[in-house]
Amino acid sequence: EEIIWNTSDGLTLRGLFVYPRGWTPGQRAPTIVQVHGGPYGGISLSGDLLNADASELHFWADRGFAIFISDYRGGKGYGTRYFHEAVATHRFMEIYASDILAGVDALVQRGKSDPQKLALIGHSWGSTTTNWIAANDGRFKAVVSKEGWSSFLIAGEPDLGWESAHDAEIWFGGKPKDAKPAYD
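Counting restarts for each chain: residues are numbered from 1 in the order of the written sequence. With the structure being a predicted model, the display of local features is reserved for residues of pLDDT at least 70 and the display and counting of side-chain atom pairs for 80 or more, all residues being used for whole-chain, interface and lining totals. Hydrogens and water are ignored here; the side-chain numbers use all heavy atoms of the structure.

Student: Describe the sheet that holds strand S3 (residues 29-35), naming the residues involved and giving the relevant values.
Tutor: Read from one edge to the other, the open sheet built from 6 strands follows the order S1-S2-S6-S3-S7-S8, with strand pairing classed as mixed. With one partner strand each, in any of the chains shown, strand S1 (2-6) and strand S8 (142-146) form the two edges of the open sheet. Averaged over all adjacent pairs, the angle separating strand axes in this sheet is 25 degrees, with direction ignored. Paired strands are those between which DSSP finds at least two bridges. Under the DSSP-based scheme used, a helix requires at least four consecutive residues in state H or I and a strand at least two consecutive residues in state E, with every element numbered from the N terminus. To define axes, lines are fitted to C-alpha atoms, for helices over the stretch in contact only, and angles between the resulting N-to-C directions are given on a 0 to 180 degree scale.

Student: Account for the environment of isoleucine 3, with residues named and values stated.
Tutor: Tracing the backbone shows isoleucine 3 in strand S1. Buried, partly exposed and exposed residues are distinguished by accessible area as a fraction of the type maximum, computed with a 1.4 Å probe on protein chains only: under 20%, between the cut-offs, and over 50%, respectively. Taking the relative accessible area as the measure of exposure, isoleucine 3 reaches 1% and is therefore buried. Remark: the alpha-carbon pair of isoleucine 3 and leucine 107, spanning 104 residues in sequence, is separated by 8.3 Å. For isoleucine 3, the contacting residues outside a window of four places in its chain are Leu13, Arg14, Gly15, Phe17, Phe68, Leu107, Arg110 and Lys112. By definition in these notes, contact holds between two residues if any of their heavy atoms fall within 4.5 Å.

Student: Please set out helix H3 (residues 92-109) residue by residue, giving values where relevant.
Tutor: In a regular helix each residue adds 1.5 Å, so 18 residues correspond to 26 Å; H3 covers 25 Å between its end C-alpha atoms and thus fits that length. Most of H3 sits inside the fold, with 13 of its 18 residues counted as buried. Trailing H3 by a residue or two, glycine 111 shows a phi angle of about 80 degrees, which is positive. In this analysis, the expected span of each helix is defined as 1.5 Å times one less than the number of residues it contains.

Student: Let's hear about the pairing of S8: which residues, and what values?
Tutor: With 5 bridges joining them, strand S7 (residues 113-123) and S8 adopt parallel strand pairing. Paired with alanine 119 across the two strands is alanine 142, which belongs to S8. Handedness is read with the strands pointing away from the viewer; a crossover is right-handed when the path from the first strand over the helix to the second is clockwise. On the question of chirality, the crossover connecting S7 to the parallel S8 by way of helix H4 (residues 125-136) is right-handed.

Student: So what's going on with the pattern of salt bridges? Residues and values would help.
Tutor: Just to be clear on terms, a salt bridge is a Lys or Arg side-chain nitrogen sitting within 4 Å of an Asp or Glu carboxyl oxygen. Taken as a whole and judged by the stated rule, the model has 8 salt bridges. For the salt bridge of arginine 21 with aspartate 62, the shortest nitrogen-to-oxygen distance reads 2.6 Å. Remark: aspartate 62 occurs in helix H1 (residues 54-62) and arginine 21 occurs in the loop between strand S2 (12-18) and S3; sequence separation between them is 41 residues. Its salt-bridge partner being aspartate 99, residue arginine 73 comes within 2.8 Å of it at the nearest N-O pair. With arginine 73 in the loop between strand S6 (66-71) and helix H2 (80-89) and aspartate 99 in helix H3, the pair connects residues that are 26 residues apart, well separated along the chain. Connected via shared salt-bridge partners are Asp9, Arg73 and Asp99.

Student: Can you explain the packing of H2 against H3? Please cite residues and give values.
Tutor: Orientation of H2 relative to H3, taken along the N-to-C sense of each, is 130 degrees, at an axis distance of 7 Å. The angle between H2 and H3 places the two elements in the oblique class. Between H2 and H3, the contacting residues are Phe83, Ala86, Val87 and Thr89 on the first element and Phe92, Ile95 and Tyr96 on the second. For the contact of H2 with H3, a count of residues per class yields 6 nonpolar, 1 polar and no charged. An angle counts as roughly parallel when it lies under 35 degrees, as roughly antiparallel when it exceeds 145, as roughly perpendicular when it falls between 65 and 115, and as oblique in every other case. Residue polarity is assigned by list, with Asp, Glu, Lys and Arg as charged and Ala, Val, Leu, Ile, Met, Phe, Trp, Tyr, Cys and Pro as nonpolar; anything else, Gly included, falls into the polar class.

Student: Before we move on, can you summarise the environment of serine 70 with the specific residues and values?
Tutor: Mapped onto the elements of the fold, serine 70 is located in strand S6. Overall, serine 70 belongs to the buried group, its relative accessible area being 3%. A C-alpha to C-alpha distance of 9.6 Å links serine 70 and tyrosine 96, two positions 26 residues apart in sequence. Residue contacts for serine 70: discarding those within four places in its chain leaves Trp5, Arg14, Gly15, Gln34, His36, Asp99 and Ile100.

Student: Describe the nonpolar core, with residues and values.
Tutor: We define a nonpolar core as any set of buried Ala, Val, Leu, Ile, Met, Phe, Trp, Tyr and Cys residues linked to one another through side-chain atoms lying within 4.5 Å. In terms of nonpolar packing, the biggest core is built from 32 residues, with Trp5, Val33, Phe68, Phe92, Tyr96, Ile133 and Phe140 touching the most fellow members. In terms of residue count, the dominant contributor to this core is H3 (11 residues).

Put into structure tokens, the structure is as follows:
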């Protein structure tokens, strides 16, 4: 099901909610929040374009979990405007996390997700966002971070061989030694 909600700053966002097997209307489901990669990635009705295909979503749904994938404002579904605006603030993790958590809040308020049974999973950039959310929000009972950074300082170090070091300089306004507060 397509889920639509508004962010705290009034932006309308969309996501995908896959119901668990055996779900009945009015039942609050244990929910896995899957954070898509990118960050300029996105979702489609056949699954997370950068990480999962529909079979992964249905694997979890078959085991009794709902799956929620938020297409946060950095995703391709919204064009490049919001991606570049978020990057320009050097607070994009806060912005992306706020978008995702507003979607989770909407699911809880609508009675679809059980607020006591939430899990969070992300891969690549989605994993980095997952790490940020886990460190700043305590609502998730389980967190899985697959192949992401736990520190942006690593991302900005070209000497470590990261291909994304140039991107990190743009995202944070300089190299780690020159813009450390933005990397924290």
